[in-house]
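# A closer look at the structure
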Amino acid sequence: MRSAVAPLPLQAEPARSDIWIEKGTPAFMKTVLALFSGGFATFALLYCVQPMMPLLSQEFAINAAQSSLVLSVATAMLAIGLLITGPISDRLGRKPVMVFALACAALATLASAVMPSWELVLATRALVGLSLSGLAAVAMTYLSEEIHPQHIGLAMGLYIGGNAIGGMSGRLITGVLIDFVSWHTAMLVIGGLALVAAAVFWKVLPESRNFRPQAMNPRSLLDGFVMHFKDAGLPWLFLEAFLLMGAFVTLFNYIGYRLLAGPYHMNQALVGLLSVVYLAGIYSSAQVGALADRLGRRRVFWVSIVVMAGGMLMTLASPLSMIIVGMLVFTFGFFGAHSVASSWIGRRALKAKGQASSLYLFCYYAGSSVAGTAGGVFWHHWGWDGIGLFIGSLLAVALLVALRLSRLAPKAF
């Protein structure tokens, strides 16, 4: 029975400097810059609509849960696309798929800016999510194939740092702009920036050296999925992706509604400026990833989830300063946990790495779609205390799963 993907050099051959991209080399810097740009554009395009949700509620006469669909539709389509684009990249190559995907997502964002109805806005947002799946599914696989195993945690952390800057910048730019210009103009700005990032990505990213094209057929793809779900750790990491991303998106989906209302009465620009808490994620993704390389993922992962829970508890307080600090701590913990889990996938999946990354990210964005919208029900019925209960429940399960992962045999720590 043939596997979906042949064993990759990451596990099959000893590390040699003429195969792996090593830290400190020009190729490493180019790879980090390109993937940083790709991560930036992905999250900027995906989450630029989050600060607009209260404004969209007013403009289209919809409630918070309905408004959250502008994000949830995109992440849902991204999740579905991940099941397709990962295997496609196993056949066609990593870089071509990522470049094409990023360019299409930028163009779809420009199109969404001129849509006259809510239904058409959602349709173009679905296209954005579907297009972005081509980069999200493949970037982790590219890094796990090309970067020296000793530096994969750092490289993955820097890539996720680009995600953090993109998420921050998308929210920050649109959150501030919509106080002065229409949301249509704000979307045009984000789409234009994404086209620039796509050009940088195309010009700078080194061609794959360890990629070997594989034939696609339904039986081999099924074999790959079965293999991953038989692994002692991968299914639990997939579940963690759902839980952690669901918690993260829920907090940022509804914090704007809380701060725009009494007693805070903040304006859109100030709420958008709070996206600077993503700076904590930029720092933690690289630092915690490197720490996991030294101490082991099993020892670091569960601590990051505890940090997230601590930040969530702080946001339940009334003082604005405490809420902001809580958001910062929560963001620090989330990006640290995501960095560790992402690099763990590449170490445990000895074969069919594209599929393994796709499954992880499918669950990641499914969590964003399902929990991000479900949180609206808790907001409508119980306000921020309801959001705290919902996120706390997700994190409690995530911690239990992390403790189970910490007891894994050290196959790939």
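It should be noted that the structure appears before, not after, this text.
Quick look at the structure, then. (Residues numbered from 1 in each chain as written. Predicted model: local features only at pLDDT ≥ 70, side-chain atom pairs only at ≥ 80, totals over all residues. Heavy atoms only, no water.)

### Looking at helix H6 (residues 94–112)
Here H6 spans 27 Å end to end across 19 residues, near enough to the 27 Å set by a 1.5 Å rise per residue. Among the residues of H6, Arg94, Lys95, Val97, Met98, Val99, Ala101, Leu102, Ala105, Ala106, Ala108, Thr109 and Ser112 are the ones counted as buried. Residues of H6 that are buried in the fold lie against helix H2 (26–47), helix H5 (69–92), helix H7 (118–146) and helix H9 (183–204). (Helix = DSSP H or I, 4+ residues; strand = E, 2+ residues; numbered from the N terminus. Expected span 1.5 Å × (residues − 1). Buried < 20%, exposed > 50% of the residue type's maximum accessible area, 1.4 Å probe, protein only. Contact = heavy atoms within 4.5 Å.)

### Let's talk about the packing of helix H14 (residues 297–315) against helix H15 (residues 320–348)
Where H14 meets H15, the axes come as close as 7 Å, and the angle between the chain directions of the two elements is 155°. Comparing the axis directions of H14 and H15 gives the class roughly antiparallel. With respect to the hand of their crossing, H14 and H15 are arranged in left-handed fashion. A per-class count over the contact of H14 with H15 returns 18 nonpolar, 7 polar and 3 charged. (Axes fitted to C-alpha atoms, helices over the stretch in contact; angles between N-to-C directions. Parallel < 35°, antiparallel > 145°, perpendicular 65-115°, else oblique. Left-handed = near helix turned anticlockwise from the far one by under 90°. Nonpolar A, V, L, I, M, F, W, Y, C, P; charged D, E, K, R; others polar.)

### Looking at the packing of H6 against H9
Running from N to C, H6 and H9 point in directions that differ by 165°, and their axes come no closer than 7 Å. On the basis of the axis angle, H6 is roughly antiparallel to H9. Seen from above, H6 lies across H9 with left-handed handedness. On the side of H6, the interface is formed by Lys95, Met98, Val99, Leu102, Ala103, Ala106, Leu107, Thr109, Leu110 and Ser112, while H9 contributes Trp183, Met187, Leu188, Gly191, Gly192, Ala194, Leu195, Ala197, Ala198, Phe201 and Trp202.

### Observations concerning the pattern of salt bridges
Per the counting criterion, the structure on display carries 3 salt bridges. With its nearest N and O atoms 3.4 Å apart, the salt bridge here joins glutamate 207 to lysine 95. With a gap of 112 residues between them, glutamate 207 in the loop between H9 and helix H10 (218–230) and lysine 95 in helix H6 connect regions that are remote in the sequence. On the basis of relative accessibility, which here comes to 53%, the residue glutamate 207 falls in the exposed class. (Salt bridge = Lys/Arg side-chain N within 4 Å of Asp/Glu carboxyl O.)

### Things to note about a nonpolar patch on the surface
Residues Trp302, Val303, Val306, Leu400 and Leu403 make up a contiguous nonpolar surface patch of roughly 410 Å² in combined accessible area. Residue assignment for the nonpolar patch shows that the elements contributing at least two residues are H14 and helix H16 (353–405). (Patch = residues over 30% accessible without salt bridge, like charges linked within 9 Å, V, L, I, M, F, W, Y side chains within 5 Å. Areas by Shrake-Rupley, 256 points an atom, 1.4 Å probe, with all protein chains shown as cover.)

### Quick word on the nonpolar core
Ranked by internal contacts, the top residues of the largest apolar core, which has 126 residues, are Leu143, Tyr159, Phe201, Leu244, Phe301, Phe330 and Tyr365. For this core, the element with the highest residue contribution is H16, accounting for 19 residues. Discounting residues that sit within four places of it in the chain, tyrosine 365 has contacts with Phe43, Leu46, Tyr47, Thr75, Leu78, Ala79, Leu82, Ala136 and Met245. (Core = buried A, V, L, I, M, F, W, Y, C linked by side-chain atoms within 4.5 Å.)

### Describing the packing of aromatic side chains
A complete count under the given rule lists 18 aromatic pairs for this structure. Their ring planes at 90° and their centres at 6.1 Å tell us that phenylalanine 301 and tryptophan 344 sit as a pair that is edge-to-face. Residue phenylalanine 301 is located in helix H14, and its partner tryptophan 344 is located in helix H15; the two are separated by 43 residues in the primary sequence. We note that phenylalanine 301, like tryptophan 344, is buried. Their ring planes at 50° and their centres at 5.5 Å tell us that phenylalanine 378 and tryptophan 382 sit as a pair that is tilted. One end of the pair, phenylalanine 378, and the other, tryptophan 382, are both in helix H16, 4 residues apart, so they sit about a helical turn from each other. The partly exposed category is assigned to phenylalanine 378, whose relative accessible area is 21%. Put simply, the rings of Phe248, Phe252, Phe330, Phe334, Phe335, Tyr360, Tyr364 and Tyr365 touch in pairs and so form one group of aromatic residues. Looking at arginine 171, its charged tip hangs above the ring of phenylalanine 252, at a distance of 5.3 Å from the centre. Positioned over the ring face of tryptophan 202 is lysine 203, at 5.3 Å from the centre of the ring. (Phe/Tyr/Trp six-rings, centres within 6.5 Å; stacked < 30°, edge-to-face > 60°. Lys NZ or Arg CZ within 6 Å of the ring centre and 35° of its normal.)

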